[in-house]
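Here's the letter readout for the chains.
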Amino acid sequence: MNIAIVVLYLLAMLAFGFWGRHRTRTSSDFLVAGRRLGPLLYTGTMAAVVLGGASTVGGVGLGYTYGISGMWLVVAIGTGVLVLSLFFAPAIQRLRIYTVSQMLELRYGSRVATQTSSIVMLAYTVMLCATSTGAYATIFVVLFGWDRWLAIAIGGVVVLIYSTVGGMWSITLADQVQFVIKTIGVFFLMLPFALNAAGGFSGMSSRLEASFFRWDGAGVQWIITQFVVYTFGLLIGQDIWQRVFTARTPVVARWGGTTAGIYCVLYGVAGALIGMAAKVALGPIKVRDDVYAEVAQNLLPIGIGGIVLAAAVAAMMSTASGALIAAATVARTDVVPFVASWFGKRVEVDTTVNHEHDVRGNRVWVLILGVVAIVLAIVVTEVVAALTIAYDILVGGLLVAILGGLVFRRGTGAGAAVSMVVGTVVTLGTMTVLEINAAAPLDGVYANEPIYYGLIASALSYVVVSLVSPRTPAPVLAAWDERRAGRGFFDAAADPRTATLRTTAPTASGGATAADDDPADRPTR
């Protein structure tokens, strides 16, 4: 029965892929769901993409190990969504762009200095997709008894098909189902069944150590690290920003995201409580990431356990599909033109001339990078280590330049470029030194110091270089202000869903003013 439910879920995901295909006619439809998501769809898709395997399976395991303080990983993720939604999402939504690198180019007026960030973003999203692909394959290994490579291949193909066929529309529809399944599985099935098996809160309080009920039971240093890594990472990840781009209005982006953030916090508390109850009801379990599956198979009736296992698969697939389309967007929009420029070639990505051809181009990139992620998940044994390196560079090297562009008006392109280089070098340098002197392999990779030192060095260099370098040109800042305010004009001849947002009105002769020559407004973007 459990197997049948999971199989039915996988078939439903494929069906949503072909359903979403009928709503995908333009590049905007494929990459950002036509920028048309209302509050319900937006809240569901945002919650689905941020709550992956680490939040669902990992959150229960952390509760089993540390007690209620195991919630902080997921709470840190929820905090990131809340901060992004309340303070940054409305402005980001008004920009009408597709990638984080495009935002940097708009803000600083420097293409070379900012497109370097796209290489890091591509590595991060591909490794995130590969990690999630390998994670949900573990469920298939338990359920079906498959070899690991076969479980990864079959699960990866399911995600690849519905993401390639329908793009963000298919992913959004799948996310809604995944959101519902996770909500039912965690809040209405796992939590009450696990608490009942443990004898309720009174049973847990009498059999668990006092540290399991302390907010800092996992250690203050560990808790701080969760906020530094996950909260900051959520603020600048392409996979998260791309969901913000799907919102219909700035109001939807702010309050739909806020609702998703609150949901994440409650999700974290529920996961920790389930883990605590499992500690009492199931006793010793060697690997904490196995706690989730043990609860599903041993504390829940057959059939209901299948829904819970489907919830775990849903959590991981939503993250994998979100990372996959983010990787494809960055690769085609930013990385390919950037790399081509090294060889003196110009690659143009025109999203307005031939919509059918453009959608086909996006599908090709999703397909290519999906295959790459599947192969990496099968071949690379230390995918998590690779993701950690990419994540540390993302936060240590890029965070300051991205957030600085949003909040520090004196920030310059030179400051952003130097901060990226310095932050990345310090992060990787610290990681290398610690790894050379580590007592065990990969201890240096998983250490906290690289990201701390990288952030400090990046922040200092950004502020100092920005203050001593020439100010950002006034026309660039003026164009940036217009974009942030959403006061541009659309080209009426273009599809309103894909039209380029102009920063000034056309002149009487039909041309554009000087400030209108914004890099992100050109058809190549």
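**Digging into the confidence of the model for the protein**
On average, residues of the protein score 85 in pLDDT, and 89% of them reach the 70 mark or higher. Across the protein, helix α12 (residues 250-282) holds the top mean pLDDT of 96, while strand β1 (residues 489-490) sits lowest at 38. Here residues 489-525 is modelled with pLDDT under 50, and outside its nearest four sequence neighbours on either side it reaches 84 contacts, counting other chains as well.

**Here we look at the packing of aromatic side chains**
Each aromatic ring pair is summarised here by two numbers: the centre-to-centre distance and the angle between the ring planes. This model, assessed by the stated rule, comprises 14 aromatic pairs. Relative to tryptophan 146, the ring of phenylalanine 144 lies with its centre 4.4 Å away and its plane at 20 degrees, an arrangement referred to as stacked. Residue class for tryptophan 146 comes out partly exposed when judged on its relative accessible area of 26%. Connected via pairs of aromatic rings, a cluster forms that spans Phe179, Phe187, Tyr263 and Tyr267. When the ring centre of tyrosine 98 is taken as reference, the NZ or CZ atom of arginine 35 above it lies at 4.8 Å. Seen from the ring of tyrosine 64, lysine 279 lies directly overhead, with NZ or CZ sitting 4.5 Å from the centre.

**Structural notes on the packing of helix α3 (residues 39-50) against α12**
Packing of α3 against α12 brings their axes to within 8 Å, and their N-to-C directions diverge by 45 degrees. By the criterion of interaxial angle, the relationship of α3 to α12 is oblique. In this structure, the crossing between α3 and α12 has a hand that is right-handed. Along its contact with α3, which presents Pro39, Tyr42, Thr43, Met46, Ala47 and Val50, the element α12 presents Val252, Ala253, Gly256, Gly257, Thr259, Ala260, Tyr263 and Cys264. Looking at the contact of α3 with α12, its residues break down into 10 nonpolar, 4 polar and no charged.

**A look at the environment of arginine 409**
Position of arginine 409 among the secondary structure elements: in the loop between α16 (383-407) and α17 (413-436). The exposure class of arginine 409 is partly exposed, given its relative accessible area of 48%. Taking the C-alpha atoms as reference points, arginine 409 and leucine 477, separated by 68 residues in sequence, lie 8.6 Å from one another. Setting aside residues up to four positions removed in sequence, arginine 409 forms contacts with Arg107, Leu477 and Asp481.

**Description of helix α6 (residues 100-108)**
Across the 9 residues that make up α6, a large majority, 9, are buried. Buried within α6 are the following residues: Val100, Ser101, Gln102, Met103, Leu104, Glu105, Leu106, Arg107 and Tyr108. Once α6 finishes, glycine 109 follows within two positions and takes phi at roughly 70 degrees, a positive value.

**Some details on the pattern of salt bridges**
Under the defined criterion, the tally for this structure stands at 4 salt bridges. Between arginine 36 and aspartate 29 there is a salt bridge, with the nearest N and O atoms lying 3.5 Å from each other. A relative accessible area of 29% means that arginine 36 is categorised as partly exposed. A salt bridge links arginine 214 to aspartate 216; its shortest N-O distance comes to 3.1 Å. Look at aspartate 216 and you get buried, because its relative accessible area is 18%.

**Some thoughts on the environment of aspartate 29**
Note that aspartate 29 resides in helix α2 (residues 27-32). The exposure class assigned to aspartate 29 is buried, which follows from its relative accessible area of 0%.

Parameters at a glance
Sequence order sets the numbering: in each chain, residues are counted from 1 along the sequence as written. It should be noted that, the model being predicted, local features are given only for residues of pLDDT at least 70 and side-chain atom pairs only at 80 or more, the latter also being counted only at that level, while totals for whole chains, interfaces and linings use all residues. Side-chain metrics in this entry use all non-hydrogen atoms of the structure; hydrogen atoms and water are not considered. For every residue, the predictor states its confidence as a pLDDT score lying anywhere from 0 to 100. Secondary structure elements follow DSSP: runs of H or I of four or more residues count as helices, runs of E of two or more count as strands, with numbering from the N terminus. Contacts were defined at the residue level, with two residues in contact if any of their heavy atoms lie within 4.5 Å. Only rings of Phe, Tyr and Trp enter the pairing, Trp through its six-membered ring, and a pair is recorded when the two centres are within 6.5 Å. The plane angle decides the type: under 30 degrees is stacked, over 60 is edge-to-face, the rest tilted. Note on classification: 1.4 Å probe, protein chains only; a residue is buried when its accessible area is under 20% of the maximum for its type, exposed when over 50%, partly exposed between these limits. Here, a charge over a ring means that NZ of Lys or CZ of Arg falls within 6 Å of the ring centre while also lying within 35 degrees of the ring normal. The axes are straight lines fitted to the C-alpha atoms, using for helices just the contacting stretch, and the angles between their N-to-C directions are given from 0 to 180°. Just so you know how the angles are binned, under 35 degrees is roughly parallel, over 145 roughly antiparallel, 65 to 115 roughly perpendicular, and the rest oblique. When the near helix sits turned anticlockwise from the far one by under a right angle, the crossing is termed left-handed; a clockwise turn instead gives a right-handed crossing. Residues are grouped as follows: Ala, Val, Leu, Ile, Met, Phe, Trp, Tyr, Cys and Pro are nonpolar; Asp, Glu, Lys and Arg are charged; all remaining types, including Gly, are polar. Any Lys or Arg side-chain nitrogen found within 4 Å of a carboxyl oxygen on Asp or Glu counts as a salt bridge.

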